[in-house]
Amino acid sequence: MSRVIVTLAILSLAHVAGQKASAEAYGSGWYSEIQFTVGHEDNVARSYKSVDVTDDLISSASVGIGYSGKVGSNIQYVVGGYLSQSIHQEYDNLDHTAISLNGSLVWQPSPSFDAIWYRLTAEATRLSYPHSRAREGYLLTAGTSVNKRLGMRTIGHLGYRYHDLVFDKNDAEANQDAAFDIARHEIFAGIDYRLTGKIWLAAQYAFQHGGFTSSSSLSSDAIDYDAETEDHAFEACGLIQCTAFYAYRSVTDLHAIDLAIVAPLLGADVELSGRYFDASSENGTDYSDWVLQLGVIWTL
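Residues numbered from 1 in each chain as written. Predicted model: local features only at pLDDT ≥ 70, side-chain atom pairs only at ≥ 80, totals over all residues. Heavy atoms only, no water.

J.: Would you mind going over the pattern of salt bridges with me for this structure?
T.: Pairing between side chains of opposite charge can happen when their charged atoms approach one another. According to the stated counting rule, one finds ten salt bridges in the structure shown. Between Arg46 and Asp289 there is a salt bridge, and its shortest N-O distance comes to 2.7 Å. With a gap of 243 residues between them, Arg46 in the loop between strand E1 (29-41) and strand E2 (56-71) and Asp289 in strand E15 (residues 286-299) connect regions that are remote in the sequence. Side by side, Arg46 and Asp289 carry an identical accessibility label, which is buried. Notably, a salt bridge pairs Glu186 with Arg161, separated by 3.0 Å at the nearest N-O pair. Residue Glu186 is found in strand E8 (residues 183-196), and its partner Arg161 is found in strand E7 (residues 154-166); the two are separated by 25 residues along the sequence. (Salt bridge = Lys/Arg side-chain N within 4 Å of Asp/Glu carboxyl O. Helix = DSSP H or I, 4+ residues; strand = E, 2+ residues; numbered from the N terminus. Buried < 20%, exposed > 50% of the residue type's maximum accessible area, 1.4 Å probe, protein only.)

J.: In this structure, what is going on with the environment of Glu230? I would like to understand it.
T.: Tracing the backbone shows Glu230 in strand E10 (residues 227-230). Through-space distance from the C-alpha of Glu230 to that of Ala134 is 9.0 Å; in sequence the pair is 96 residues apart. With sequence-adjacent residues up to four places away left out, Glu230 is seen in contact with Glu235, Phe245 and Tyr246. (Contact = heavy atoms within 4.5 Å.)

J.: Is there a simple way to explain the packing of aromatic side chains in this structure?
T.: Any pair of aromatic rings gets described here by the distance separating the centres and the angle formed by the planes. A full pass over the atoms with the stated rule returns seven aromatic pairs. Feature note: the residues Trp30, Tyr67 and Tyr77 constitute an aromatic cluster, connected by ring pairs. Of note, Arg161 hangs over the ring of Phe188, and the distance from its end group to the ring centre comes to 3.8 Å. (Phe/Tyr/Trp six-rings, centres within 6.5 Å; stacked < 30°, edge-to-face > 60°. Lys NZ or Arg CZ within 6 Å of the ring centre and 35° of its normal.)

J.: How should I be thinking about the side chain of Glu186 in this particular structure?
T.: Exposure remark for Glu186: the relative accessible area of 3% places this residue in the buried category. A polar side-chain atom of Glu186 sits 2.7 Å from a polar atom in the side chain of His163. Setting aside residues up to four positions removed in sequence, Glu186 forms contacts with Gly159, Tyr160, Arg161, His163, Gln204, Ala206, Phe207 and Gln208. (Polar contact = N/O pair within 3.5 Å; in protein donor to acceptor, adjacent residues only side chain to side chain.)

J.: It is not clear to me how the confidence of the model for the protein should be interpreted in this structure. Could you clarify?
T.: One rule of thumb: low pLDDT means the predicted coordinates there are not for detailed reading. Per-residue confidence for the protein gives a mean pLDDT of 89; residues scoring 70 or more make up 88%. Per-element confidence in the protein ranges from a low mean pLDDT of 43 for helix H1 (residues 3-15) to a high of 98 for strand E5 (residues 117-128). Contacts from residues 1-26, a stretch scored under 50 in pLDDT, to residues over four places away or in other chains number 86 contacts. (pLDDT = per-residue confidence, 0-100.)

J.: Help me understand the nonpolar core in this model?
T.: When a protein is soluble and globular, its nonpolar side chains tend to lie buried together. Leu127, Leu165 and Phe180 are the most contacted members of the largest nonpolar core, which has 13 residues in total. Residues Tyr91, Ala233, Phe234 and Phe245 belong to the second largest nonpolar core, which totals seven residues. (Core = buried A, V, L, I, M, F, W, Y, C linked by side-chain atoms within 4.5 Å.)

J.: Explain the pairing of strand E14 (residues 268-281) to me, please; I cannot follow it from the model alone.
T.: In the case of a regular strand, side chains alternate between the two sheet surfaces. For strand E13 (residues 245-265) and E14, the ladder comprises 14 bridges, and the chain directions are antiparallel. Note on E14: the bridge partner recorded for His255 is Asp278. In sequence, E13 turns back onto E14 through a hairpin of two residues, with Leu266 there showing a positive phi of about 55 degrees. Here twelve bridges tie E14 to E15, and the two strands are oriented antiparallel to one another. Its bridge partner being in E15, Tyr276 is matched across the sheet by Trp290. Hairpin connection between E14 and E15: a loop of four residues separates the two successive antiparallel strands, and Gly284 in this loop has a positive phi of roughly 95 degrees. (Pairing = 2+ DSSP bridges.)

J.: Looking at this model, I keep getting lost on the environment of Ser132. Mind explaining?
T.: Looking at the secondary structure, you find Ser132 in the loop between E5 and strand E6 (137-149). Spatially, the C-alpha atom of Ser132 lies 8.6 Å from that of Asp95, the residues being 37 residues apart in sequence. When sequence neighbours within four positions are dropped, the list of residues in contact with Ser132 reads Asn93 and Ala233. A polar atom in the side chain of Ser132 sits 2.8 Å from the side chain of Arg135.

The following block contains the structure:
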């Protein structure tokens, strides 16, 4: 699958346990964050062919700044941005930079402890791939959720997100890179559980439907795809010849499970998280993937 989806998965892992805190922990005023992560991905190309399934070690660093404010006693907003750099140990053509602007609005009609609150989120991320321009574009994400305390230690979430990669390319480039032009819908449900003190456990299930990209060796003309793009990021060259890779976009149903634990350590938050997903495309191809990630976050 395209690196765009990989990026989204890693960003989701980085925030699945932190969603509860995004507009609540900071209070009012400016804040900044520094984050370092290292992760292992099982199927980097998101290929349905077993011969093309290969793993990679991915490390990233990011810095962010934001502002949290309140309107009255029941509305809180957060606006911010971050810059991140991701490095692949094996497939360095997938190294990329992300610049993002984001915002969220939380509204709790009633101030009582067990009252429902609502959240609106929006994010625009510029993805830059120096060695894989086919993947470049603006990843736009918008969502809404309903949230409620389910006891003294547990918070439940139910929501919807929409993801769309928008090209800033001319018509010829857009047609050539069409396999990476994706848009999809997502519904999710999750819980955050405070184990003890500031140690939190988080779990989330998500169902996504829409355009997904899978990369495989050689052309698959016998399979029906919405778009096909030559993918040089996974191209393997030997002494005599190179093995060509192609990226394919198709309409896919995807089931994903995220698990995470967050704990304070020496003035930082340490997060161990994992994601597993299983996807089935309308053209009959199936693929799965898992990601494990360890991150350290400093809030300044």
